[in-house]
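Chain by chain, the residues:
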Amino acid sequence: MGVEAAPSRAPQLADTAHPLWSRTAELIGDQIERGELAAGARLPPERELCARLDISRVTLRKALAHLVDRGVLTSSHGRGWFVTTAAPATEREWPNDLESFTATALRKHLRPGAVVLLHDVHPASLDDAERLLVPAGTPLLRLERVRLLNDVRIGVDRTLMPTAVAPGLERVDFSTASLFEELRDRGVRLDRSVVTIEARGADPALAANLDMAEGTPVLVLDQTIYGRDQRPLLLSTVRYSGERYRLRTTFQPH
């Protein structure tokens, strides 16, 4: 049985534009990495945590669920929340699991942000319909955002998804919201992604959005993300500034 983590000094949630749940998750994650919450320890009761952080139970549970998704916490019905690890086993820029931009930023102690360039519903083109296995003309959510890390423009992310996958996303403010979190809240479970990576030069529109010269090298990640039934759910193309973003991973022989 884990030992309950003793409350230390009252933590403070930074006053930023990011959702309260993500700031809560970041604060608890920081405490775990600093060793204030040891591996195997049980978190204080939810009522106590809510009082200490001055947040609602809904906000707290969303933060704790995010940490469970990251593998930092586990939950036991009737017993509470337990720390599974004191820190990530290895530091990596390029996750080998399906992780949102927001989750990656918070894991690396960076502040995520977004500037929404396009957010509407548009009929699927023949090419997009073929990739998503839907009829041409199917209503698609179109979402294009400049992605920020600590207010620095890192890349431009364009996402296409049939509106039927998660109705209501056209009304969400994605300047602060995480698409993956919104999908999870609506019961949509993502299973895997197939990614193509290539280098290109920035076109005039991308160069303007990333404050760079036209033709500057950018890293383009084009991915198709699948659901649990192995049907494609969304298409995402992210164009990263080659000077501001890097990828690192580990390959092992089999």
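Residues numbered from 1 in each chain as written. Predicted model: local features only at pLDDT ≥ 70, side-chain atom pairs only at ≥ 80, totals over all residues. Heavy atoms only, no water.

Trainee: How should I be thinking about the nonpolar core in this particular structure?
Mentor: Soluble globular proteins tend to bury their nonpolar side chains together. By size, the foremost hydrophobic cluster in this structure holds 18 residues, and its most contacted members are Ile 28, Ile 32, Leu 43, Leu 60, Leu 64 and Leu 73. Elements supplying a minimum of two residues to this core: helix H1 (20-33), helix H2 (46-53), helix H3 (57-69) and strand S2 (80-83). Residues within four places of Leu 64 in sequence aside, it is in contact with Ile 28, Leu 43, Leu 73 and Trp 81. Counting 16 residues, the second-largest nonpolar core is a separate cluster that includes Leu 141, Leu 143, Phe 180 and Leu 183. (Core = buried A, V, L, I, M, F, W, Y, C linked by side-chain atoms within 4.5 Å. Buried < 20%, exposed > 50% of the residue type's maximum accessible area, 1.4 Å probe, protein only. Helix = DSSP H or I, 4+ residues; strand = E, 2+ residues; numbered from the N terminus. Contact = heavy atoms within 4.5 Å.)

Trainee: Looking at this structure, I do not really get the side chain of Glu 144. What am I missing?
Mentor: The topology assignment puts Glu 144 in strand S4 (residues 139-149). Exposure remark for Glu 144: the relative accessible area of 17% places this residue in the buried category. Glu 144 has contacts with Val 115, Val 116, Leu 117, Leu 118, Val 156, Asp 157, Arg 158 and Arg 239, leaving out every residue within four places of it along the chain.

Trainee: Even after reading the chapter, I still don't get the packing of aromatic side chains, so can you show me in this structure?
Mentor: Here a ring pair, both rings aromatic, is described through the centre-centre distance and the interplanar angle of the planes. Summed over all chains, the structure comprises zero aromatic pairs. Over the ring of Tyr 226 we find Arg 192; its NZ or CZ atom is 4.2 Å from the centre of that ring. (Phe/Tyr/Trp six-rings, centres within 6.5 Å; stacked < 30°, edge-to-face > 60°. Lys NZ or Arg CZ within 6 Å of the ring centre and 35° of its normal.)

Trainee: In this structure, what is going on with the pairing of S2? I would like to understand it.
Mentor: In summary, the side chains of a regular strand alternate between the two faces of the sheet. Both strand S1 (residues 73-76) and S2 contribute to a ladder of four bridges, which runs antiparallel. Looking at the pairing, Leu 73 lines up with Val 83 of S2. (Pairing = 2+ DSSP bridges.)

Trainee: Can you walk me through the packing of H1 against H3 in this structure?
Mentor: The axes of two packed helices give the description: the angle between them and the distance between them. Two elements in contact, H1 and H3, have axes separated by 8 Å at closest approach and are oriented at 55 degrees. The angle between H1 and H3 falls in the class oblique. Judged by the sense of rotation from one axis to the other, the crossing of H1 with H3 is right-handed. Residues Leu 20, Trp 21, Thr 24, Ala 25, Ile 28 and Gly 29 of H1 form the contact with H3, whose own contacting residues are Thr 59, Leu 60, Lys 62, Ala 63, Leu 64, His 66 and Leu 67. (Axes fitted to C-alpha atoms, helices over the stretch in contact; angles between N-to-C directions. Parallel < 35°, antiparallel > 145°, perpendicular 65-115°, else oblique. Left-handed = near helix turned anticlockwise from the far one by under 90°.)

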